[in-house]
Amino acid sequence: MILENERAAVCAYARRLTVDGLVVGTSGNVSVRAGDAVAVTPTGVGYAGLTAADIPVVDLDGKVVDGDLKPTSELPMHLAVYTRATDPGGAPVNAVVHTHSVHATAVSTLVDEVPPIHYILASIGPTVRVAEYATYGTQELADSMLAAIAGRRGCLLANHGTVTFGDNLGAAYDRAQQLEWVCRLWLTARSVGSPQLLPEEEVARVAEKLKGYGQR
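Residues numbered from 1 in each chain as written. Predicted model: local features only at pLDDT ≥ 70, side-chain atom pairs only at ≥ 80, totals over all residues. Heavy atoms only, no water.

Turning next to the overall build of the protein chain. The helix and strand tally for the protein chain stands at six helices and nine strands. A globule of 216 residues ought to have a C-alpha radius of gyration of about 17 Å, and the protein chain, at 17 Å, matches this closely. Once the C-alpha set of the protein chain is aligned to its principal axes, its extents read approximately 50 × 35 × 30 Å. By sequence separation, contacts in the protein chain at least 24 residues apart represent 64% of the contacts at least 6 residues apart. If you sum the accessible surface of the protein chain, you get close to 10200 Å²; carbon and sulfur atoms cover 51% of it. Here the protein chain contributes 17 positively and 23 negatively charged side chains, and the mean placements of these two sets differ by 5 Å. (Helix = DSSP H or I, 4+ residues; strand = E, 2+ residues; numbered from the N terminus. Rg over C-alpha atoms; globule rule 2.2 N^0.38 Å. Contact = heavy atoms within 4.5 Å. Areas by Shrake-Rupley, 256 points an atom, 1.4 Å probe, with all protein chains shown as cover. Lys, Arg positive; Asp, Glu negative; His and termini not counted. Charge placed at Lys NZ, Arg CZ, Asp CG, Glu CD.)

Turning our eyes to something else, we now look at helix α4 (residues 139–149). Looking at α4, one finds that the buried residues are Leu141, Ala142, Ser144, Met145, Leu146, Ala148 and Ile149. Buried residues along α4 sit against α2 (75–84), β7 (128–131), β8 (154–157) and β9 (161–166). In the stretch just after α4, glycine 151 is the one whose phi turns positive, near 75°. (Buried < 20%, exposed > 50% of the residue type's maximum accessible area, 1.4 Å probe, protein only.)

Attention now moves to the packing of α2 against α4. For the pair α2 and α4, interaxial distance at closest approach is 8 Å and the crossing angle is 40°. When the axes of α2 and α4 are compared, the pair comes out oblique. In this structure, the crossing between α2 and α4 has a hand that is right-handed. Facing α2, whose interface residues are Pro76, Met77, Ala80, Val81 and Arg84, α4 presents Gln139, Leu141, Ala142, Asp143, Met145, Leu146 and Ile149. Its residues assigned to classes, the contact of α2 with α4 comprises nine nonpolar, one polar and two charged. (Axes fitted to C-alpha atoms, helices over the stretch in contact; angles between N-to-C directions. Parallel < 35°, antiparallel > 145°, perpendicular 65-115°, else oblique. Left-handed = near helix turned anticlockwise from the far one by under 90°. Nonpolar A, V, L, I, M, F, W, Y, C, P; charged D, E, K, R; others polar.)

Attention now moves to the pairing of β7. On a regular strand, one side chain projects to one face of the sheet and the next to the other, so that they alternate. In this sheet, β7 lies alongside strand β6 (residues 113–114) in antiparallel orientation, the contact comprising two bridges. Across the sheet, residue glutamate 113 finds its bridge partner in β7, namely arginine 129. Sheet topology places β7 next to β8; two bridges connect them, and they run parallel. Considered in β8, the bridge of valine 130 is made with leucine 156. Crossover β7 to β8 through α4 is right-handed. (Pairing = 2+ DSSP bridges. Right-handed = clockwise from strand over helix to strand, strands pointing away.)

Under the criterion given, the structure shown has six salt bridges. Residue arginine 16 pairs with aspartate 20 through a salt bridge whose shortest N-O separation is 3.5 Å. Arginine 16 gets classed as partly exposed once you look at its relative accessible area, which sits at 32%. The salt bridge involving arginine 84 is made with aspartate 143; its shortest N-O contact spans 3.1 Å. Of this pair, arginine 84 sits in helix α2 while aspartate 143 sits in helix α4, and the two are 59 residues apart along the sequence. Of the residues examined, arginine 84 reaches a relative accessible area of 52% and is grouped as exposed. (Salt bridge = Lys/Arg side-chain N within 4 Å of Asp/Glu carboxyl O.)

What follows deals with the environment of alanine 104. Assignment of secondary structure puts alanine 104 in helix α3 (residues 102–108). By relative accessible area, alanine 104 is classed as buried at 0%. Separated by 83 residues in sequence, alanine 104 and leucine 187 have C-alpha atoms that sit 9.2 Å apart. Once residues within four sequence positions are removed from consideration, alanine 104 is found in contact with Leu156, Thr162, Glu180 and Cys183.

Next up, the structure:
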C-alpha cells in the first residue's frame, strides 16, 4: 500500500475533526501530499471507523491511483491548494484541512474578513479573508478560495466553513483550530461591544516572531 504513513495520518486527523467539534457527520476533509500523490479522506464515509486502506490516493490531476473509495467531493479545492497556492513564508504546502466549524462559519456570514482581534491570527495572515460563496465541490469554489488565501495560509468560505494549509498536517490542523478560536473570540467580543483591534505593524511583528517559535 503506497503512502501508508500519510493515509494513517489522514485517518487520525479526520477523527480529530469530529472529536474537536470542527465538523458534524461526514463534513469537512483532510489531505496530505507526498510528491505527486495526495492521500485524502473519502466522500460520505464516517470518520470513526476509517482505516488507512480506506483512504484513496490521487495524483495532482485528481485521478485515483490507489484505493477503492471515491475521494472527497472537495478534491478540486485540495488540489488547487497543492498546485496553485504558495506559503507566504516559502514553506512547502503538504497538507490541507477543511472544516465546517460553527463559529468560523458564522463569522463567514457576517464579514468580508476576520480582523486582527488577537495576535495568533498572524499564523495565518494579517487578516483572514472570506472567499465568495460557490457551490461545494466545484471548481468555482476552488477558484474563490485561491483568491482568498493569496498571501495567507487559510481563509473562511462564505456560508460554508474554513480551509487552512501547512507544510505538515499538524500545522494545517493547528491553524484550523486557531481560526475557529479567533472567530469565537470575535463573536463573543462583538456580542457585548466593539472590540479593539491590533495595528497592522503589531501583527507583522508577531508573524516574524512566530518564525522562531517552539523547539527547533
